[in-house]
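Chain by chain, the residues run as shown.
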Amino acid sequence: MEISSVLAKISREAVNEIKNLVPMEKIRIIKGPKTGLLMMTVRDSFDTDFYLGEVLVTEAMVEYKGQKGYSMLIGDEPDRAVLGAVLDAIFRLDSPNEDELKSNLLNLLKIHAENIKEKEEIERRLI
């Protein structure tokens, strides 16, 4: 399960649900959330890279208990970018004090990832 993939697909209510587990008062925003453009490279049928065009992205960098976290997501998604950076910082933190928080976050993210997978499977079967 890739966290940024789950964050990109969940509802705003789910973003808030995950955000409520995190002690946001301990988060220091270092950069962003800020939108920008990123060149998207793709490979054509001749196995040659080319630039498809620019993609709108939102990036954020935060600090949580001395650990920095970074996130970049496609679209104008400031809340999701900040949350992604916060999750990155939390999961990078090597502290037994954070094990319960990490476990709770992982469980919630897994539930949302399973829901996304089920919805995509239903959609795939309908197509």
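For the structure, see preceding data.
Residues numbered from 1 in each chain as written. Predicted model: local features only at pLDDT ≥ 70, side-chain atom pairs only at ≥ 80, totals over all residues. Heavy atoms only, no water.

J.: Any chance you could explain the overall build of the protein here in plain terms?
T.: The helix and strand tally for the protein stands at four helices and three strands. Secondary structure elements in the protein, listed N-terminal to C-terminal, are α-α-β-β-β-α-α. Along the three orthogonal principal directions, the C-alpha set of the protein runs to about 50 × 35 × 25 Å. For the protein, with 127 residues in total, the buried portion stands at 34%. Sequence separation of at least 24 residues holds for 50% of the intrachain contacts in the protein that already meet a minimum separation of 6. Just so you have it, the protein exposes about 8,400 Å², and 50% of that area is on carbon and sulfur atoms. Positive and negative side-chain charges in the protein, numbering 18 and 23 respectively, have mean positions lying 2 Å apart. (Helix = DSSP H or I, 4+ residues; strand = E, 2+ residues; numbered from the N terminus. Buried < 20%, exposed > 50% of the residue type's maximum accessible area, 1.4 Å probe, protein only. Contact = heavy atoms within 4.5 Å. Areas by Shrake-Rupley, 256 points an atom, 1.4 Å probe, with all protein chains shown as cover. Lys, Arg positive; Asp, Glu negative; His and termini not counted. Charge placed at Lys NZ, Arg CZ, Asp CG, Glu CD.)

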